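Now for the letters of each chain:
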Amino acid sequence: MIQEVLKLDSGNKGAKSMILYGVHGNEISGISAVQKIIKNLKIQSGLVYFVMGNPRAVAQNVRFTEANLNRMFEDKNILIQKYSEKVLNTYEFQRAKFLKTLFKEVDILLDIHDSSITESQPFIICEKNGFEIAKYLPVNKIVSGFDSIEPGGTDYFMNKIGKTGICLECGYFGNPNSQKIAEQGILNFLQYRQHLNPNNLNQLTIQNTQKRYQLSLKYYTKTNNFKLIKSFKDFEKLKKNQLIGLDGKDQVMAPDDCFILFAHNRKQAGSEAFLLGKSE
Ligand SMILES: [Zn+2]
């Protein structure tokens, strides 16, 4: 059984980092990768936390139990406005409160996710402060702008308190390659941060072909029946005025030439249906 909070202290000076996994309880790639890595891990400098984000959801193999943990890192008052007072009683709100205290003990957070969409591709979520580390992660797409378009995540909180938050989205959770990306991402991160083999840093592959994307819009459904016109692959290009879906009877179209991310059919008004953005 994997420990929920594992603190590895080298006893030597050095960076303070955290690997977070299982923020969404059914995202298995990160959980399996961490289980494998920590077996024989001995860090050489600084300290590293390995933290299971949402143990209750992991135990039930569900995304979350009462509220999406990765929206709970926003200010309490904003959460109440968005979800009503009830949100404060959720397990996930309380869990976020606990995680925030741990986040304050480290400088950089790497949060591992994967996706339920079959054709999803791996990518990194970070802002400018994460671009340097992103070069060492085994993924060629970087998406920025989540902090303003979709605030409330772990990375948002880290950036807000002047630290650095990075999410690694490893691809479809049914694809074995996603676990490999998670493993390689964690190991590269630990090396970059000099927790492991500091002398090998120059042997790490730098991703020279990373492409950057900037989010511009999140669409919230207006009715209880939002249907995509077709299934969209992550990063699929859309033309201006291209039909995306029907929200009740209303046509929802792309306002510009753009790309689409996380597109889902939804059955409840006010749900997050998709994100749009532009490549830089
Ligand atoms: Zn996730």
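Residues numbered from 1 in each chain as written. Predicted model: local features only at pLDDT ≥ 70, side-chain atom pairs only at ≥ 80, totals over all residues. Heavy atoms only, no water.

## Considering the coordination of the zinc ion
To be explicit about the condition: Nitrogen, oxygen and sulfur within 2.8 Å of a metal are treated as its donors, or within 3.2 Å for sodium, potassium and calcium (Na, K, Ca); water is not counted, so a site can appear incomplete. Under this scheme a four-donor centre is tetrahedral when all angles range from 85 to 135 degrees, a four-donor centre is square planar and a six-donor centre octahedral when opposite donors are above 155 degrees with the rest from 65 to 115, and any other centre is irregular. Numbering of helices and strands runs from the N terminus, with a helix taken as a DSSP run of H or I at least four residues long and a strand as a DSSP run of E at least two residues long. Using a 1.4 Å probe on the protein chains alone, a residue whose accessible area is under 20% of its type maximum counts as buried, one over 50% counts as exposed, and one in between counts as partly exposed.
Protein ligation of the zinc ion involves His 24 (ND1), Glu 27 (OE), Glu 27 (OE) and His 113 (ND1), the donor distances falling in the range 2.0 to 2.3 Å. Bound by four donor atoms, the zinc ion shows angles of 57 to 144° at the metal and therefore irregular coordination geometry. Here the donor residues for the zinc ion map to a single chain with the spacing H-x2-E-x85-H. Of this pair, His 24 sits in the loop between β2 (16-21) and α1 (28-38) while His 113 is found in strand β4 (residues 108-115), placing the two residues 89 residues apart along the sequence. Exposure remark for His 24: the relative accessible area of 4% places this residue in the buried category. Looking at His 113, the relative accessible area reads 2%, which means it is buried.

## Considerations on the pattern of salt bridges
Formally: By definition, a salt bridge exists where a carboxyl oxygen of Asp or Glu is found within 4 Å of a side-chain nitrogen of Lys or Arg.
Using the criterion set out here, one finds 12 salt bridges in the structure. Between Glu 27 and Arg 63 there is a salt bridge; the shortest N-O distance is 3.4 Å. On the criterion of sequence distance, the pair formed by Glu 27 in the loop between β2 and α1 and Arg 63 in the loop between α2 (55-60) and α3 (76-83) is long-range, its members being 36 residues apart. You can call Glu 27 buried: its relative accessible area is 5%. According to the relative accessible area criterion, Arg 63 is partly exposed, its value standing at 36%.

## Digging into the sheet that holds β2
Sheet strands line up and pair through hydrogen bonds in the backbone, either parallel or antiparallel. This is how the line gets drawn: Any two strands between which DSSP finds at least two bridges are classified as paired. Every axis in this analysis is a line fitted to C-alpha atoms, fitted for helices over the stretch in contact. Angles between the N-to-C directions lie between 0 and 180 degrees. We call two residues in contact whenever any of their non-hydrogen atoms come within 4.5 Å of each other.
One open sheet accounts for 11 strands, arranged β1-β3-β2-β4-β7-β5-β6-β8-β14-β13-β10; its pairing is mixed. Of all the strands in the sheet, the pair left with one neighbour each is β1 (5-9) and β10 (236-238). With direction set aside, neighbouring strand axes in the sheet form an average angle of 30°. The pairing of strand β8 (residues 211-220) with strand β14 (residues 272-279) spans seven bridges and is classified as antiparallel. If you follow Tyr 220 over to β14, its bridge partner there is Glu 272. Strands in contact with α1 are β1, β2, β3 (47-52) and β4; relative to β2, the strand with the most contacts, it is inclined by about 130°.

## Focus: the domain arrangement of the protein chain
Quick reminder of the rule: Where each domain begins and ends is defined by an automated method or by a domain database. Buried area, as used here, totals the accessible surface that two parts lose on assembly, with accessibility defined by a 1.4 Å probe and the loss added over both.
On domain assignment, one finds that the protein chain holds domain 1 (5-209) and domain 2 (215-279). Here domain 1 and domain 2 have C-alpha centroids that lie 26 Å from each other. Contacts between the two partners involve 15 residues from domain 1 and, on the opposite side, 13 residues from domain 2. Between domain 1 and domain 2, the buried area comes to about 1,300 Å², and carbon and sulfur atoms account for 65% of it. Looking at the side of domain 1 facing domain 2, the largest losses of area belong to Ile 117, Glu 119 and Ile 149, adding up to 37% of the total buried there. In this assembly, domain 1 and domain 2 are joined by three salt bridges. Residue Lys 218 is joined to Glu 150 by a salt bridge in which the shortest nitrogen-to-oxygen separation is 3.1 Å.

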